[in-house]
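# Observations on the three-dimensional arrangement
What follows is the residue order along each chain.
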Amino acid sequence: MPLDAPKLNSLGLPKPPSETRVVVAMSGGVDSSVVAAMLAEEGYDVVGVTLQLYDHGAALAKKGACCAGIDIHDARRVAEQMGFPHYVLDYENIFRDAVIDEFAESYLGGATPVPCIRCNERVKFKDLLETAKDLDADCMATGHYIQRMVGDRGPELHSAADANRDQSYFLFSTTPEQLSFLRFPLGHLKSKAETRALAAKYGLSVADKPDSQDICFVPDGNYASVIEKLRPGAAEPGEIVHVDGRVLGEHRGVIHYTIGQRRGLGIGGLSDPLYVVKLEVDKKQVIVGPKELLATRTVPVREINWLGDEPFTSRKEWHVSVKVRSTRPPREAVIRPISETEAEVELVVAEEGVSPGQACVFYDTESSRIFGGGWIWRGH
């Protein structure tokens, strides 16, 4: 580095913290609160922003979900305590159009959507990021557990140091342009205990606040009830059909079932356990069969966001590891590009319950780097 080059601050920017404006996306939870408090203590010009994503009144009594009424209150308290401005932005319409409506349509189509990814992609890292720029911010920081590292060709996305907290599956669609503006100050921490210790150090009221569990607009994880409210009449009954063609019973609506489901089918008394292997939405049929039918090695993927150094289509094959569910470890695979945004992924070892609507995230087999990912679909 030349002697006259400006010194980089802790966020990698060439000016003092006091001259560096950082918008912190504050959900009201301990993670983003610690990020805001940490940066404020370091002397950065912090601006806290919380998104109101759905009905504030209905959310007030709802615990265990982010961006609810009580969470807005908690974020505001942290901002007041640490002495930086805090704004609440009404994103209800944007959130409904960009996330909730597609969630409902995906479920009605027999898919298993991941709305948290769409929220990051279409709301937090799109509209909120643009708002941060409008506020003359130099960068935007979040409480996500993921790492941003600067490589030879610019910023790279890497898994969090704590594998148990890693959120890379939900952030695969972050673009290189967004990555240049984003910062993830918690990604290097070894455990959530370290985050809570920092919250206690700063005296934050949210230090012992439980983590959010549910999708924010799905109370108690009951997806079907939300879909029925959004799309009245969607839960029409139909037949439960064995893959051999036998009708085994009647279901309460396709939206109540997901690929790989075993419990709650209401078709007891059979010698071998049966699983949901397919959802025929147009025929209103839930197709069931033995567990081995859930296993597949071929995964069609589209809407690919590629974060590799070379163009995605520059090779016929990419040997990587992939995650097809957020709760599963990465497994060896080969990606064969069809176009810049579409590919066929071949798993070295077959996986069960690969479902349309889930993400397929690409990982470097030799390091913690994430090469992006795409959305699983049924193929042509």
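Fair warning: this is a prediction, and the values are worked out from it, not measured in the lab.

Within a sheet, each strand pairs with its neighbour through backbone hydrogen bonds, oriented either parallel or antiparallel. One open sheet holds the five strands; their spatial order is β3-β2-β1-β4-β7, and the pairing between them is parallel. This sheet does not close on itself; its edge strands, each paired only once, are β3 (86–90) and β7 (182–183). Note that strand β4 (residues 139–141) and β7 share two bridges and pair parallel. Opposite Ala141, over in β7, you have Arg183 as the bridge partner. Relative to strand β1 (residues 21–25), helix α1 (residues 30–41) is tilted by about 165°, and along the sheet it contacts β1, β2 (45–52) and β4.

This brings us to the packing of helix α4 (residues 92–108) against helix α5 (residues 115–134). For the pair α4 and α5, the least separation of the axes is 9 Å and the interaxial angle reads 160°. Comparing the axis directions of α4 and α5 gives the class roughly antiparallel. Considering only the axes of α4 and α5, their crossing is right-handed. Residue-level contacts link Ile94, Phe95, Ala98, Val99, Glu102 and Phe103 of α4 to Pro115, Arg118, Cys119, Arg122, Val123 and Asp127 of α5.

This next bit is on the packing of α1 against helix α7 (residues 192–201). At a minimum axis distance of 9 Å, the contact between α1 and α7 shows a crossing angle of 55°. Regarding the angle of α1 to α7, the classification is oblique. The interaxial crossing formed by α1 with α7 has left-handed handedness. Between α1 and α7, the residues in contact are Val30, Asp31, Val34, Met38 and Glu41 and Lys192, Thr195, Arg196, Leu198, Ala199 and Lys201, respectively.

Sheet architecture is open: four strands sit in the order β9-β8-β11-β10, paired in mixed fashion. Looking at the sheet topology across the chains shown, the edges are occupied by β9 (247–251) and β10 (275–280). The average angle at which neighbouring strand axes cross in this sheet is 30°, direction not considered. The pairing of strand β8 (residues 238–242) with β9 spans four bridges and is antiparallel.

All right, on to α1 then. An ideal rise of 1.5 Å per residue puts 16 Å on 12 residues; α1 measures up with 16 Å between its terminal C-alpha atoms. Among the 12 residues in α1, 11 count as buried, and that is most of the element. The secondary structure elements touched by the buried residues of α1 are β1, β2, α3 (69–82), β4 and α7. Just past α1, the residue Gly43 takes up positive phi, approximately 100°.

Here Gln178 shows up in helix α6 (residues 176–181). Residue classification places Gln178 among the buried positions, given a relative accessible area of 14%. The spatial distance from the C-alpha of Gln178 to the C-alpha of Ile94 is 19 Å, given a sequence separation of 84 residues. In this structure Gln178 touches Glu121, Phe125, Lys126, Leu129 and Ser173, once residues within four positions along its chain are discounted. Engagement of the side chain of Gln178 in a polar contact is seen with the backbone oxygen of Phe125, the distance being 2.8 Å.

Moving on to helix α8 (residues 223–230). Of all the positions in α8, only Ala224, Val226 and Ile227 are classed as buried. The buried residues of α8 occupy one face: seen down the axis, they fall within an arc of 160°. Of the surrounding elements, those touching the buried residues of α8 are α4.

Once that is clear, we can look at the pattern of salt bridges. Under the counting rule described, the total for this entry stands at 27 salt bridges. Among the salt bridges present, the one from Asp74 reaches Lys209, with a minimum N-O distance of 2.6 Å. One end of the pair, Asp74, is in helix α3; the other, Lys209, is in the loop between α7 and α8, and 135 residues separate them in sequence. Judged on exposure class, the residue Asp74 and its partner Lys209 are both buried. One salt bridge connects Arg331 with Glu351, and the closest N-O pair in it is separated by 3.6 Å. You can see Arg331 sitting in strand β14 (residues 331–337) and its partner Glu351 sitting in strand β15 (residues 342–352), a full 20 residues away along the chain. Given a relative accessible area of 35%, Arg331 falls into the partly exposed group.

Reading the values: the criteria
Residues numbered from 1 in each chain as written. Predicted model: local features only at pLDDT ≥ 70, side-chain atom pairs only at ≥ 80, totals over all residues. Heavy atoms only, no water. Pairing = 2+ DSSP bridges. Helix = DSSP H or I, 4+ residues; strand = E, 2+ residues; numbered from the N terminus. Contact = heavy atoms within 4.5 Å. Axes fitted to C-alpha atoms, helices over the stretch in contact; angles between N-to-C directions. Parallel < 35°, antiparallel > 145°, perpendicular 65-115°, else oblique. Left-handed = near helix turned anticlockwise from the far one by under 90°. Expected span 1.5 Å × (residues − 1). Buried < 20%, exposed > 50% of the residue type's maximum accessible area, 1.4 Å probe, protein only. Polar contact = N/O pair within 3.5 Å; in protein donor to acceptor, adjacent residues only side chain to side chain. Arc of directions from axis to C-beta. Salt bridge = Lys/Arg side-chain N within 4 Å of Asp/Glu carboxyl O.

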